[in-house]
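# Report on the structure
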Amino acid sequence: MKEKLEQIKAQALNDIKNAASGDALEQIKVRFLGKKGELTSILKMMGGLSPQERPKMGQLANEVRSALESALENAKSAVKEKELAARLKLEKIDVTIDGTRRPVGKLHPLSSTLEKLEEIFTGLGFTVVEGPEIETDHYNFEALNVPKDHPARDMQDTFYLGENLLLRTQTSAAQIRTMENLKPPIKIICPGRVYRSDDVDATHSPVFHQVEGLVVDKGITMCDLKGTLEIMVHKIYGENTKVKFRPSFFPFTEPSVEVDVSCPECGGKGCRVCKGAGWIEILGAGMVHPRVLAGCGIDPEVYSGFAFGIGLDRLTTTSHKISDIRLLFENDNRFLQQF
Ligand code: PHE
């Protein structure tokens, strides 16, 4: 048995010396030290030895085992170093070669303008909500105090999808959905696509975007509306931009206003962009009609609120000096790369 052990030791050490790779070393380990390995099977025969011989052989076997283990360990790190050196030789990096330029996408001007608006309004404590683009007559018109014979309901203005369903013509539908679900204080904006059966030209598109705003609480006044919108305008167009509130009419607000800003192109002198007026209309707004509040279960004697609907496309074209709304939807790369 002693001879056998010596033989195994010599054979294994020799194999280890000649092994060229980590894999080969692993195989040697299994062959000699594994569960069914040669050394292990010798050890299994120890039972047949005399009591005097057993401890001696046991000691010898352990010595052989640890000799093999340390030889394997040393060989492994040597092989690893060799492999690394070979790889380093093979994989040279020339840091002077030009890199591959990967074009990075940019935000569409509509998206970046919307992000800016969301930042402004969330900074003022508003929450951003969303509503469906396919709306019912109730949310888009009826609950907004738009009577059945209102001209907006004409097929020429609205895309109907059936008797009761339509593509929303205004994000104002979100006002009702919000007030039905939340109790005051309410402070939300709702951006989204809206649809109207308009012919396409430089300032009209059958699909465009609005950002609805709604604030309902005790003691909300027209001053709150003016202050809020002025902050928004100054952040979008710059501090020197003038804001004008013109009396207007919407069925769901009373009083109602339309808001103009001094033309960012000419500063108010009159030019091609503002069609000589010096002003550009960017949104409709007003104090929420008591009938609309009551219809949503909010007592108009206790609460009041204001609402606004920003024309996002107009805001984007005028603040980026884009001459034609169609450019926003054509997605010509030469156009988009300018932003
Ligand atoms: N929804 C109106 C429009 O599309 C704008 C608006 C919103 C007016 C909220 C008043 C209050 O013209």
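Residues numbered from 1 in each chain as written. Predicted model: local features only at pLDDT ≥ 70, side-chain atom pairs only at ≥ 80, totals over all residues. Heavy atoms only, no water.

Now for the site of the ligand. Near the ligand, the surroundings consist of 14 residues, among which Gln170, Ser172, Arg196, Gln210 and Gly309 are the closest. At a separation of 2.8 Å, a nitrogen atom of the ligand approaches a polar side-chain atom of Gln170. Residue Gln210 places a side-chain N or O atom 2.8 Å away from an oxygen atom belonging to the ligand. Within the complex, 91% of the 330 Å² of free accessible area of the ligand lies under protein. (Near = heavy atom within 4 Å. Polar contact = N/O pair within 3.5 Å; in protein donor to acceptor, adjacent residues only side chain to side chain. Areas by Shrake-Rupley, 256 points an atom, 1.4 Å probe, with all protein chains shown as cover.)

Within the element layout of this structure, Gln175 appears in helix H7 (residues 173–181). With near-sequence residues (within four places) excluded, Gln175 lies in contact with Leu144, Glu212, Leu214, Phe252 and Ala307. (Helix = DSSP H or I, 4+ residues; strand = E, 2+ residues; numbered from the N terminus. Contact = heavy atoms within 4.5 Å.)

Right, let's talk about the packing of aromatic side chains for a bit. Considering all chains together, one arrives at five aromatic pairs under this definition. Ring geometry for Phe306 against Phe308: centres 6.3 Å apart, planes inclined by 25°, an arrangement best described as stacked. Exposure remark for Phe306: the relative accessible area of 2% places this residue in the buried category. Each residue in the set Phe121, Phe126, Phe306 and Phe308 is aromatic and connected to the rest through ring pairs, giving one cluster. Against the face of Tyr139 rests Arg177, its NZ or CZ located 4.0 Å from the ring centre. (Phe/Tyr/Trp six-rings, centres within 6.5 Å; stacked < 30°, edge-to-face > 60°. Buried < 20%, exposed > 50% of the residue type's maximum accessible area, 1.4 Å probe, protein only. Lys NZ or Arg CZ within 6 Å of the ring centre and 35° of its normal.)

Structurally, Ala12 is set in helix H1 (residues 2–18). Here Ala12 falls in the buried class, since its relative accessible area comes to 1%. Counting along the chain gives 55 residues from Ala12 to Ala67, while the straight-line C-alpha distance between them is 9.9 Å. When near neighbours in sequence (up to four residues on either side) are disregarded, Ala12 contacts Phe32 and Leu68.

Orientation of H1 relative to helix H2 (residues 22–33), taken along the N-to-C sense of each, is 170°, at an axis distance of 10 Å. Classified by the angle between their axes, H1 and H2 sit roughly antiparallel to one another. Seen from H1, the contacting residues are Ile8, Gln11, Ala12, Asp15 and Ile16; seen from H2, they are Leu25, Ile28, Arg31 and Phe32. Along the lines of polarity and charge, the residues of the contact of H1 with H2 split into six nonpolar, one polar and two charged. (Axes fitted to C-alpha atoms, helices over the stretch in contact; angles between N-to-C directions. Parallel < 35°, antiparallel > 145°, perpendicular 65-115°, else oblique. Nonpolar A, V, L, I, M, F, W, Y, C, P; charged D, E, K, R; others polar.)

Moving on, we come to the packing of H1 against helix H4 (residues 53–90). Running from N to C, H1 and H4 cross one another at 0°; their axes reach a closest spacing of 10 Å. Considering their axes alone, H1 and H4 lie roughly parallel with respect to each other. Taking contact as the criterion, the partners of Lys2, Leu5, Glu6, Lys9, Ala12, Leu13 and Ile16 in H1 are, on H4, Met57, Leu60, Ala61, Val64, Ala67, Leu68, Ala71, Leu72 and Ala75. Residue composition of the contact of H1 with H4, grouped by class: 13 nonpolar, no polar and three charged.

Okay, the domain arrangement of the protein chain next. The domain architecture assigned to the protein chain consists of domain 1 (2–90) and domain 2 (109–336). One C-alpha centre belongs to domain 1, the other to domain 2; they are set 81 Å apart. (Domains from an automatic or database assignment.)

Time to look at H4. An α-helical segment advances 3.6 residues per turn. Residues three or four places apart therefore align on the same side. Relative to the 56 Å expected for 38 residues at 1.5 Å per residue, H4 spans 55 Å between its end C-alpha atoms, a close match to the ideal helical length. Those residues of H4 lying buried are Met57, Gly58, Leu60, Ala61, Val64, Leu68, Ala71, Leu72, Ala75 and Val79. In this fold, the buried residues of H4 make contact with H1, H2 and helix H3 (38–44). (Expected span 1.5 Å × (residues − 1).)

For the bond from Pro184 to Pro185, the omega torsion is 5°, close enough to zero to count as cis. Inspection of the secondary structure assignment puts Pro185 in the loop between H7 and strand S4 (186–195). Going from Glu254 to Pro255, the amide bond is cis rather than trans, its omega being -5°. With respect to the element layout, Pro255 can be found in strand S7 (residues 253–262).

Once that is clear, we can look at the pairing of strand S5 (residues 207–217). Most of S5 sits out of view: nine of its 11 residues are buried. Both S4 and S5 contribute to a ladder of 10 bridges, which runs antiparallel. Paired with Val194 across the two strands is Phe208, which belongs to S5. Sheet topology places S5 next to strand S9 (residues 304–311); eight bridges connect them, and they run antiparallel. Bridging from a neighbouring strand, Leu214 pairs with Ala307 of S9. (Pairing = 2+ DSSP bridges.)

As a further point, take the nonpolar core. Among the nonpolar cores identified, the biggest contains 39 residues, and Leu117, Leu229, Met232, Ile282, Leu283, Phe308 and Ile310 are the most heavily contacted of them. The element contributing the most residues to this core is helix H8 (residues 222–237), with six residues. Beyond its immediate sequence surroundings of up to four residues, Met232 is in contact with Leu117, Ile120, Phe121, Ile282, Leu283 and Ile310. (Core = buried A, V, L, I, M, F, W, Y, C linked by side-chain atoms within 4.5 Å.)

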